[in-house]
Amino acid sequence: MENQIEIKNLTKSFGSHVVLKDVNLNIPSPKIFGIIGESGSGKTTLLKTIIGFWHFDNGQIMYEGRNLEKDRNFIKQIVGFATQDNCVYPKLTVKENLEYFGSLSNVPSGTLKGNIEKVIRFVNLQDSTNKLAENLSGGMQRRLDIACALVHNPKILILDEPTEDLDPLLRRDILNLIRKINLNETTVIITSHLLHEAEQLCDNIAILHQGCVLKYGSPEHLKDSYTKDEEIHLITKNKNYDKLIKLLKNKQKVSNIEKLGRKIVIYTKEAEPILSLLLSELKKEKDRIIQIDVRRPSLGEVFENLIKKSDGVKKGEQASNNNQEKL
Amino acid sequence: MNKLLTIIKKNFKILIRSKSSALIIIFGPLLLILLVGTAFNTASLYDIKVGAYSETYSELSESIITKLQDEQYKVIKTDSQDNCINGVKSGIYHLCVIFPPNLEIKEGSEDLIEIYVDQSRMNLVYAIKSSITSKVSSRSKEISTGLTGIIISQLEESAKSLEEKKATLSSLRASTGNIGSKINSLVSTSKDIGESINTTYDELAQLEELNLKQQNVSGSYYKGMKILIEALKVEMRLFNSSTSTISQNSENLLTDIASYTDNIRDIETTTSKIIQDVNAIQVKDVESIVSPIKTETKTVTAERTHINYLFPTLIMIVVMFVSLLLSAITVIREKLSPAYFRNFISPTGSFLFIFATYLTNILIIVLQVAIVLVVMLFIQPEMSNTLLNLGAAVLIITSVFILLGMIVGYLFSSEETATVGAISLGTILLFFSNTIIPLETLPAWIKQIVDYNLFVVSDNILRALILFKQPLESTLQQIYILITYTAVFIVLIAIIYKASTEIYNIKRHLKGK
């Protein structure tokens, strides 16, 4: 798997405020790469820096082996960018916006017409070609914005929180669109703070916290790095979980058991034998299963855990620094 | 009430915390008033340049020039009449005074001092005309007083001479009386002589009668004869005495007459001198004495209506405000547009965006000006000759103002402040031009700065082309100033664009957009 973008030791600050600290990332082609993080973690700054909008203080950004600092225009040519603000001219029609941004991206006029028709169909705006952008609905405006980012047929599409402020149906549409774009061999980089959405969509994810990449890799890899256990989430009719806990406590394959409100969660390295044990025990007790799930830990849990760890390390470092200062 | 105060407080805080808004909205008008108030707090005209020409400067023309020259007026002698008049057209001189060769006050002189003014500078021309005319009138009054003085002193001199000769005349009158009595005495003596002669004739007749009777008369005859002879002797003596008297009187008369002749000669000499002196007065023409220096005011433009004179300024006002506002708003709208970011990340250089903004604005304004010029052509078809020059000038002028407006747009961060900024800038440029109050009312040092005011420079170019039908070459100096401005503005835009975009993007970033 070839790395389309390589980011090495990237640091960016605004005045004294360091927004990105020593960021290292490899983004493979053609995948959907997600950057997740809390608000203010530096996601948008990272995206704007890797497209050359912000000059960075230190580090290196390479696109297909070319240095961003030296080949800025080439890189602008192969990258499309859509923000959460819908960067289009409200007083221009859908077609006019696409024509304008296509021309700015040096698309030859002969090719441009075909590209416009293609992206309009692609984002499903055929019926609104001659409508002013300001008269489009929120979802349509977002699709137009993505269309503008795609009109020059970029190899890499960067989307900054593309589903932000959209209702669930529109959000689903946009996610489907992103998948469709990726199917056309376009690398997609998205940011989101909706972890579930990122987990569903992305091949690779980087977790960004306070300007630092805590971890990155495939969702499975991230979860594995957190824990290799599977989770059995069980709700029974009688909710008499103490017997079950007692039964499973000493089993080798069970790492942990938690009682969480109406349910119990059993963490195990192998779910199948534990499941059969549970079923037989419930039968014996004449209890009934209301709900049972076998799942890996969610990205949210991984994210939460990593952030806690990072904050803990920082607090520890801070305390140690304070102690050293006191000494 | 409390809510109202809270809202007002909030509004003030928002205004003041946005530095550019506060600067423009609150302090801008104050600064404007301060500037204008300081500059125009005067009632005089300063640094009026007067062009002067004469083929041969006489003492009188030099004296008028000296009279004109003071701290307000600066008189510059030109090489030719055309240079002088063209100087007014091109704004080098405020007016041009043409003196006739060897100007002097003389009998029946038709010499006129011609004063050429630029009638199109309506707010200045009347003040200058009146000021210059009053200075020339003052010299004229001096000359008039001099001429009248000569006449009056001549009259006084004559009166004095006549007074002196009055005694001689009285003595002549008295002497004439003496001559009369002497002549009367002569007449009386002559009558006596006549009577004596008559008596003598009678006695001779008697003697002749006695002679006829002598043959028969003896003693009585002799006696009678003797009486007659005696009587004749008496008469002869009387006659002799009268003749002596006449002779004496005649000699006296001759002496008197000789004396009178001297007196009359004296009077004649005095009279001749008076006549000579009166003849010596060079100017006796009443018109020349009352108004010795005649001036005539001429305009360097053909006589037109006020709107004709205002036309270049009107074009300038339209061009300036439209250019400043349009370009500032175009830039700020683009900056505030959500699409601004996409432009920025496209593989298109900043220069192209700046240049496109400039071209967009110039196309709109040139189109507007073209409409105005077409209308003007219908009113003044003779303008067609200068249309090309005018087009070129308008293009340069518009470019400078558009670039200035773009700077305003790049400097400010909201449409409101950019608009107020552009209007304020335009107002300052307009205030410090000849449109409202003549610049000549400004103190010299301020005027020197204001002479480089974009509006003033541009207005001068348009006036030269439209009103005086000058070729574009005659405005080269002003055009070079505009070209320098253009170059400076381009550099400024490049710097401000980079800096303001960076700052603006950081602001947006910090706002989370």
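Residues numbered from 1 in each chain as written. Chains lettered and ligands numbered in written order. Predicted model: local features only at pLDDT ≥ 70, side-chain atom pairs only at ≥ 80, totals over all residues.

1. Quick word on the overall build of chain A
Across its full length, chain A carries eleven helices and 14 strands. Of all 327 residues assigned to chain A, the portion counted as buried reaches 38%. By sequence separation, contacts in chain A at least 24 residues apart represent 69% of the contacts at least 6 residues apart. (Helix = DSSP H or I, 4+ residues; strand = E, 2+ residues; numbered from the N terminus. Buried ≥ 20, exposed ≤ 12 C-beta atoms within 10 Å, placed from the backbone. Contact = placed C-beta atoms within 7 Å.)

2. Here's the deal with the overall build of chain B
Along its length, chain B carries 15 helices and five strands. Each of the 513 residues in chain B was classed as buried or not, and the buried ones make up 27%.

3. Things to note about the nonpolar core
In terms of nonpolar packing, the biggest core is built from 77 residues, with Leu144, Ala147, Val151, Ile158, Ile178, Ile189 and Ile207 of chain A touching the most fellow members. Setting aside residues no more than four positions away along its own chain, Ile189 of chain A makes contact with Ile27, Phe33, Ile35, Leu47, Ile156 and Ile158 of chain A. One finds Met316, Leu325, Phe401 and Leu467 of chain B within the second-largest nonpolar core, a separate group that totals 53 residues. (Core = buried A, V, L, I, M, F, W, Y, C linked by C-beta atoms within 7 Å.)

4. Focus: the sheet that holds strand S4 (residues 113-117) of chain B
Hydrogen bonds between backbone groups are what pair the strands of a sheet, and the pairing can be parallel or antiparallel. All names here are of chain B. Read across the open sheet, the five strands follow the order S2-S1-S3-S4-S5; overall the sheet is mixed. Of all the strands in the sheet, the pair left with one neighbour each is strand S2 (73-77) and strand S5 (295-299). Each strand axis lies, on average, 25 degrees off the axis of its neighbour in the sheet, ignoring direction. Inspection of the sheet shows strand S1 (residues 48-54) paired to strand S3 (residues 95-99) by five bridges, in the parallel sense. When the bridges of S3 are listed, Gly51 appears paired with Cys96. Strands in contact with helix H4 (residues 81-89) are S1, S3 and S4; relative to S3, the strand with the most contacts, it is inclined by about 160 degrees. (Pairing = 2+ DSSP bridges. Axes fitted to C-alpha atoms, helices over the stretch in contact; angles between N-to-C directions.)

5. Digging into the sheet that holds strand S13 (residues 263-268) of chain A
All names here are of chain A. Taken together, four strands build an open sheet; the order of strands is S12-S13-S11-S14 and the sheet is antiparallel. Every other strand in the sheet has two partners, leaving strand S12 (254-260) and strand S14 (289-295) as the edge strands with one partner each. Direction aside, neighbouring strands of the sheet carry axes that sit 15 degrees apart on average. Relative to S14, strand S11 (residues 230-236) runs antiparallel, the two being bridged by six bridges. Residue pairing in the sheet places Ile232 in a bridge with Val294 of S14. Sheet contacts for helix H9 (residues 241-249): S12 and S13; angle to S12, the most-contacted strand, approximately 165 degrees. Taken strand by strand, helix H10 (residues 271-284) contacts S11, S12, S13 and S14, and its axis lies near 15 degrees from that of S11.

6. So, the confidence of the model for chain B
Here chain B shows a mean pLDDT of 79. Residues at 70 or above account for 83%. By mean pLDDT, helix H2 (residues 19-39) of chain B is the weakest element of chain B at 63, and helix H11 (residues 387-411) of chain B is the strongest at 92. (pLDDT = per-residue confidence, 0-100.)

7. As for the interface of chain A and chain B
Contact with chain A, which involves 18 residues of that partner, is made by 13 residues of chain B. Among the elements of the structure, helix H2 (72-78) and helix H3 (94-104) of chain A are those that each provide at least two residues to the side of chain A that touches chain B. In terms of residues, the side of chain A that touches chain B owes the most to one element, H2 of chain A, which gives three residues. Tallied by class, residues from the side of chain A that touches chain B come to ten nonpolar, six polar and two charged. (Nonpolar A, V, L, I, M, F, W, Y, C, P; charged D, E, K, R; others polar.)

8. Brief notes about the packing of H11 of chain B against helix H12 (residues 415-431) of chain B
Residue and element names in this part refer to chain B. Interaxial distance between H11 and H12 falls to 9 Å at its minimum, and their mutual angle equals 145 degrees. When the axes of H11 and H12 are compared, the crossing they make is right-handed. Across from Gly405, Val408 and Gly409 in H11, the residues of H12 making contact are Ala418, Gly421, Ala422 and Leu425. Residue composition of the contact of H11 with H12, by class: four nonpolar, three polar and no charged. (Left-handed = near helix turned anticlockwise from the far one by under 90°.)

9. Focus on helix H14 (residues 454-466) of chain B
For H14 of chain B, built from 13 residues, the straight-helix expectation of 18 Å at 1.5 Å per residue is met to within 8% by its first-to-last C-alpha distance of 18 Å. When you tally the buried positions in H14 of chain B, you get 13 out of 13 residues, the bulk of the element. (Expected span 1.5 Å × (residues − 1).)

10. Some words on the packing of helix H5 (residues 138-150) of chain A against helix H6 (residues 168-183) of chain A
Residues and elements named next belong to chain A. For the pair H5 and H6, the least separation of the axes is 10 Å and the interaxial angle reads 15 degrees. On the basis of their axis angle, the class for H5 and H6 is roughly parallel. The element H5 and its partner H6 pack so that their crossing is right-handed. Residues Gly138, Gly139, Arg142, Arg143, Ile146 and Leu150 of H5 lie in contact with H6, whose contacting residues are Leu170, Asp173, Ile174, Leu177 and Ile181. Residues belonging to the contact of H5 with H6 are distributed by class as follows: six nonpolar, two polar and three charged. (Parallel < 35°, antiparallel > 145°, perpendicular 65-115°, else oblique.)

11. So, the pairing of S12 of chain A
Residues and elements named next belong to chain A. Of the pairings in the sheet, the one linking S12 to S13 comprises six bridges and is antiparallel in character. Looking at the pairing, Ile257 lines up with Ile266 of S13. Linking two consecutive strands that pair antiparallel, namely S12 and S13, is a turn of two residues; a positive phi of about 65 degrees is found at Gly261 within it.

12. Observations regarding unusual backbone geometry
All names here are of chain A. Following Ser29, the chain continues to Pro30 via a peptide bond in cis, the omega torsion being -20 degrees. Note on placement: Pro30 falls in the loop between strand S2 (17-28) and strand S3 (32-37). Notably, Asn153 is not glycine yet its phi reads approximately 55 degrees, a positive angle. Here the phi dihedral of Gln210 falls at roughly 50 degrees; this positive angle occurs in a residue that is not glycine. Looking at the element boundaries, Gln210 is found in the loop between strand S9 (204-209) and strand S10 (212-217).

13. Brief notes about the environment of Phe432 of chain B
Residue and element names in this part refer to chain B. Counting through the fold element by element, Phe432 comes out in the loop between H12 and helix H13 (444-450). Using a count of 24 C-beta atoms within 10 Å as the deciding quantity, one classes Phe432 as buried. Remark: the alpha-carbon pair of Phe432 and Asn453, spanning 21 residues in sequence, is separated by 7.4 Å.

14. Notes on the environment of Asn184 of chain A
All names here are of chain A. Along the polypeptide, Asn184 turns up in the loop between H6 and strand S8 (187-192). Overall, Asn184 belongs to the exposed group, with 11 C-beta atoms counted inside 10 Å. Put simply, Asn184 and Pro30 are 154 residues apart on the chain and 8.8 Å apart in space, counted from C-alpha to C-alpha.

15. A closer look at the environment of Ile354 of chain B
Looking at the element boundaries, Ile354 of chain B is found in helix H10 (residues 350-379). When the 18 C-beta atoms within 10 Å are taken as the criterion, Ile354 of chain B is described as partly exposed.

16. Some details on H10 of chain B
Between the first and last C-alpha of H10 of chain B there are 44 Å, a value that for 30 residues agrees with the 44 Å anticipated at 1.5 Å per step. Residues of H10 of chain B that are buried: Thr357, Tyr358, Asn361, Ile362, Ile365 and Val369 of chain B.

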